[in-house]
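Observations on the three-dimensional arrangement
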Amino acid sequence: MTPTGGALKTIADRPIKITVNVSKKWMGPTGSSVTVRLLADGNGIDKTFVLDAAGGWKSAFSGLPEFAAAVAAIAGFAALVGAAAYRR
């Protein structure tokens, strides 16, 4: 109880996690593989993976924070494939 008779409640901070799905669609000849590196708001996140035919040219970055700080939502994710960037 507070001095004025009100109750206090503790709220736990549970970060919201999201998944960003990535797929590669080829225009022209199909390559053997591509390396994908994740960016959040233009900043590198230490997550990469390789897409190839065996994996159906698909994968996902999971367990990513939806918010970069206590109140700032991440505006967008991008995956770099070679020299081209693809945005969510």
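Nothing here was measured: the structure is a model prediction, and the numbers come from that model.

1. Quick notes on the overall build of the chain
Helix and strand counts for the chain stand at 0 helices and 6 strands. What you see in the chain, going N to C, is helices and strands ordered as β-β-β-β-β-β. Residue burial in the chain is summarised as follows: out of 88 residues, 23% are buried. Put simply, of all contacts in the chain between residues at least 6 apart along the chain, 59% involve residues at least 24 apart. Counting every atom, the chain has about 6,500 Å² of accessible surface; 55% of that belongs to carbon and sulfur.

2. Describing unusual backbone geometry
The phi angle at W57 is positive, at roughly 60°, despite the residue not being glycine. Along the chain, the position of W57 falls in the loop between β3 (43-52) and β4 (58-65). By relative accessible area, W57 is classed as buried at 11%.

3. Points about the packing of aromatic side chains
For the structure shown, the criterion picks out 2 aromatic pairs. Pairing W26 with W57 gives two aromatic rings, centres 5.3 Å apart and planes at 80°, and the pair type is edge-to-face. Taken as a pair, W26 in the loop between β1 (17-23) and β2 (33-40) and W57 in the loop between β3 and β4 lie far apart in primary sequence, 31 residues in all. Between the aromatic rings of F49 and F61, the centroid separation amounts to 4.4 Å while the plane-to-plane angle is 40°, which identifies the pairing as tilted. In this pair, F49 sits in strand β3 while F61 sits in strand β4, placing the two residues 12 residues apart along the sequence.

4. Focus: the confidence of the model for the chain
Predicted confidence across the chain gives a mean pLDDT of 74, with 67% of residues reaching 70 or more. Confidence drops under a pLDDT of 50 for residues 83-88, and excluding neighbours within four residues, the segment shows 13 contacts in the predicted structure.

5. A short note on the environment of W26
W26 sits in the partly exposed class, given a relative accessible area of 29%. Here the alpha-carbon distance between W26 and W57, two residues 31 residues apart in the chain, equals 9.4 Å. Non-local contacts of W26, meaning those with residues more than four positions away in its chain, are made with G31, V34 and W57.

6. Regarding the environment of F49
For F49, a relative accessible area of 15% puts it in the buried group. It is 5.4 Å that separates the C-alpha atoms of F49 and V36, two residues lying 13 residues apart in sequence. Every residue in contact with F49, bar those within four places of it in the chain, is listed here: V22, V34, T35, V36, S59, A60 and F61.

Rules of the game
- Residues numbered from 1 in each chain as written.
- Predicted model: local features only at pLDDT ≥ 70, side-chain atom pairs only at ≥ 80, totals over all residues.
- Heavy atoms only, no water.
- Helix = DSSP H or I, 4+ residues; strand = E, 2+ residues; numbered from the N terminus.
- Buried < 20%, exposed > 50% of the residue type's maximum accessible area, 1.4 Å probe, protein only.
- Contact = heavy atoms within 4.5 Å.
- Areas by Shrake-Rupley, 256 points an atom, 1.4 Å probe, with all protein chains shown as cover.
- Phe/Tyr/Trp six-rings, centres within 6.5 Å; stacked < 30°, edge-to-face > 60°.
- pLDDT = per-residue confidence, 0-100.

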